Each structure stands twice: as C-alpha cells, then as structure tokens.
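Here is what each chain is made of, one letter per residue.
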Amino acid sequence: MSFENKKRSTVIDGKSVAKQIRDEITAEVSRMREAIGVTPGLAVILVGDRKDSATYVRNKKKACESVGIKSLEEHLPEDSTEEEVLNYISGYNDDPSVHGILVQLPLPSHMNEQNVLNDVRIEKDVDGFHPLNIGRLAMRGREPLFVPCTPKGCIELLHRYGVSMKGKRAVVIGRSNIVGMPAALLLQREDATVSVVHSRTSNPEEITRQADIIISAVGQPNMVKGSWIKPGAVIIDVGINPVEDPNSPRGYRLIGDVCYEEAIKVASAVTPVPGGVGPMTIAMLLQNTLSSAKRMHNFD
C-alpha cells in the first residue's frame, strides 16, 4: 500500500490487522492440536487490585479463548510476598503444559520487578522482557526467543501496511524498557536510522520533524502536535491516556500521545487511539505463545 501522492491520511486499523493475525493463529493452534495433540498454554500472574491490570488480564484471557489457547490465571492479593510470586513462577516454569508465563506489570511497590521477571524461564518469556531476550535483540546476528509484544505489534503494523523502513529516518519518543527501547532496536533491525527522543532531549520538536516514521510511547496526552510532524510521515501512537470527558458514560475517554486531529492533516498514515496499537499487543502475545509451543515440541 503506497501512501505517496495521497491527500487524505490513511488510518492504520490495528483492530482489523489484529483480527487477521488472530485468525491465522486460530488455524495454526487447531493444526497443532490435530497433528500432535498439544494445545498452547499461557499462564498469567496478577498481583493486587489495579483496575486497569485486571481489565488487561481479562482481555488477554478472552483473546486466548478466541484462538483456542489454554489460559491459566493466578490472582494474588496486594500484600503477597515476592516469595509467593516466585513460587508460582517456579511451578509454571516446570509445567510442560504451560508454554508462556506473563507477570502483569506494574507489581506492588514492595516487590522487586527485576527479580520477578528474571525468574521466568527464558523459553517461556512470551512478554520478551528477560534481559537475555533484550540482549539478543540488541546484538546483530543474534535472535531473541521473543520480542516484546507492543513494539513487535508496531513493526507488524508497518509491515502489513507496506511501509518500508529501510534507510528511513525513524524517531522513537520514549525510552522505556517495555516499548521505547525495544522499538528503537527493532527499527534498527529493519535498517532504519533511529533517534530516541526522551524527557532530557533539548529539541524534541526539531528532531521529530525530521522523521519519516514516528513511534510515540511516552504517556503524555496530545504531546506531539501537527507542527512536530513532517508532511507524509507515518505515525504509530502507543499512548493510551485517559482524559476527563463528562460526555462519556465512563467520565473519561482515551487519547494518544499524538494530537490525532492535527496529525491526520499532515501525516500519510496514523494509528487511532483506541483501535491502533492496543489490539496488536494482545495479538503478538498470542503469536509469541504459539511460537513457544511450536518450539518446545519441534512443530513446524
């Protein structure tokens, strides 16, 4: 799909691409079950009572069911000890019917997130957060077992919309371990020339305006204005920011890091929020779980 010479901006529909990917996964899951009698399994550990985390876990569970992946869930109280969480991880590490283990972040403040994530066996690290997976992602000629789901979903959207990254200038806004940093590494693997803009960058607007491709993951509503965008750039907006809205039944609505109304006038293609990157993240989690099961059972 070519965005050149187009007057209107293309809306990159993450929802429909994610549906396509889920259909592909459904077919593979049933092929695997019929051929070798194995159903991929995902275990999710949720600690505490954060509403947003509970919602994410519920959505992941629903998504698993929709493609035929078995999902197990362990919901621990807020005041659980780190030891208890590690015990559950250890049990899932040893359980051959579990092919992926996901610890829902953030964890309560009395737990050491690094210790917990490091304890997940690298072969089951479907979130792609294990330092060995990130380290392999950062090295040329090495392949991680898993790539973190959100940045993987961003790159998959660019691929499926036919956006070439080779030799293009890309700017990633935000440098978190979960999105920004791995997104920059993935873009480099696609032969883009990558700049990372963060809270200490002195001229974010100028740097961003040079980009052919922008991936924004800072969690600042409407931070990226139309004036930050080079005409014809492609924008992937990872931000999901609740803002008060008395007209909405929930009292708030979700918006991205990029000012959508301004962006669609300048960019050649933009992801909406919601309905852009969000559905892709879950689709990539299912894809990682399937490929983990295939790898463990040498199934092609």
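Relevant structure appears above.
Thresholds applied
Residues numbered from 1 in each chain as written. Predicted model: local features only at pLDDT ≥ 70, side-chain atom pairs only at ≥ 80, totals over all residues. Heavy atoms only, no water. Helix = DSSP H or I, 4+ residues; strand = E, 2+ residues; numbered from the N terminus. Rg over C-alpha atoms; globule rule 2.2 N^0.38 Å. Buried < 20%, exposed > 50% of the residue type's maximum accessible area, 1.4 Å probe, protein only. Contact = heavy atoms within 4.5 Å. Areas by Shrake-Rupley, 256 points an atom, 1.4 Å probe, with all protein chains shown as cover. Lys, Arg positive; Asp, Glu negative; His and termini not counted. Charge placed at Lys NZ, Arg CZ, Asp CG, Glu CD. Expected span 1.5 Å × (residues − 1). Salt bridge = Lys/Arg side-chain N within 4 Å of Asp/Glu carboxyl O. Pairing = 2+ DSSP bridges. Axes fitted to C-alpha atoms, helices over the stretch in contact; angles between N-to-C directions. Right-handed = clockwise from strand over helix to strand, strands pointing away. Core = buried A, V, L, I, M, F, W, Y, C linked by side-chain atoms within 4.5 Å.

A. Highlighting the overall build of the chain. From N to C terminus, the chain includes 10 helices and 11 strands. Taken over C-alpha atoms, the radius of gyration comes to 19 Å for the chain, in line with the 19 Å a tight globule of 300 residues would show. Dimensions along the principal axes, computed over C-alpha positions, put the chain at roughly 55 × 45 × 40 Å. Evaluated residue by residue, the chain yields a buried proportion of 48% over its 300 residues. Taking all contacts inside the chain whose residues are at least 6 apart in sequence as the whole, residues at least 24 apart take part in 69%. Total accessible area computed for the chain in this model is approximately 14,600 Å², and 49% of it derives from carbon and sulfur atoms. Counting 36 positive and 37 negative side-chain charges, the chain places the centres of these two groups 7 Å from one another.

B. Spatial organisation of helix α10 (residues 277–296). Taking 1.5 Å of rise per residue, the 20 residues of α10 would be expected to cover 28 Å, and the 29 Å separating its terminal C-alpha atoms lies within 8% of that figure. Once α10 finishes, Asn298 follows within two positions and takes phi at roughly 45 degrees, a positive value.

C. Region of interest: the pattern of salt bridges. With the rule as written, the count across this model stands at 13 salt bridges. Between Arg121 and Glu123 there is a salt bridge, with the nearest N and O atoms lying 3.2 Å from each other. A single network of salt bridges, built from pairs that share partners, joins Glu24, Glu156 and Arg160.

D. Fine view of unusual backbone geometry. Here the bond from Leu105 into Pro106 is cis, since omega is -5 degrees, no more than 30 degrees from zero. Following the sequence through the fold, Pro106 ends up in the loop between β4 (100–103) and α4 (113–119). Residues Val273 and Pro274 are joined by a peptide bond in cis, for which omega reads -5 degrees. Here Pro274 lies in the loop between β11 (269–270) and α10. A positive phi is found at Asn222, a non-glycine position, where the angle reads about 55 degrees. According to the relative accessible area criterion, Asn222 is partly exposed, its value standing at 26%. Phi is positive for Asn298, which is not a glycine, with a value near 45 degrees. Structurally, Asn298 can be placed in the segment after α10. The class of Asn298 is exposed, set by a relative accessible area of 72%.

E. View of the pairing of strand β6 (residues 193–197). Where strand β5 (residues 169–173) lies against β6, 5 bridges are found, and the strand directions are parallel. Note on β6: the bridge partner recorded for Arg169 is Thr193.

F. Inspection of the side chain of Asn288 at higher detail. Assignment of secondary structure puts Asn288 in helix α10. Given the relative accessible area of 2%, Asn288 is considered buried. Excluding residues within four positions of it along the chain, Asn288 makes contact with Val126, Phe146, Val147, Cys149 and Lys152.

G. Molecular detail of the environment of Gly100. Inspection of the secondary structure puts Gly100 in strand β4. The sequence separation of Gly100 and Thr289 amounts to 189 residues, and the corresponding C-alpha distance is 5.4 Å.

H. View of the sheet that holds strand β2 (residues 41–47). Strand order in the open sheet formed by 3 strands is β3-β2-β4, and the pairing between neighbours is parallel. Each edge of the sheet is formed by a strand with only one pairing partner; in this case those strands are β3 (70–76) and β4. Direction aside, neighbouring strands of the sheet carry axes that sit 15 degrees apart on average. Two elements, β2 and β3, share 7 bridges in a ladder whose sense is parallel. Opposite Val47, over in β3, you have Leu76 as the bridge partner. Each of β2, β3 and β4 touches helix α2 (residues 51–67); the most contacted strand, β2, lies at about 170 degrees to it.

I. Quick peek at the pairing of β2. A large share of β2 lies buried, amounting to 7 of its 7 residues. Burial along β2 is two-sided: Gly41, Ala43, Ile45 and Val47 and Leu42, Val44 and Leu46, pointing in opposite directions, are all buried. Chirality of the crossover, the property in question, places the unit of β2, α2 and β3 among those that are right-handed. Here β2 pairs with β4 via 4 bridges, running parallel. When the bridges of β4 are listed, Leu42 appears paired with Gly100.

J. Seen up close, the nonpolar core. Ile25, Leu42, Ile69, Leu158, Leu187, Ile215 and Ile236 are the most contacted members of the largest nonpolar core, which totals 55 residues. Broken down by element, this core gets its largest block of residues, 9 residues, from α10. Excluding residues that lie within four positions of it along the chain, Leu158 makes contacts with Val163, Met165, Ile213, Val234 and Ile236. Counting residues in each nonpolar core, the second largest holds 18 residues, with Ala43, Ile89, Val98 and Val116 among its members.

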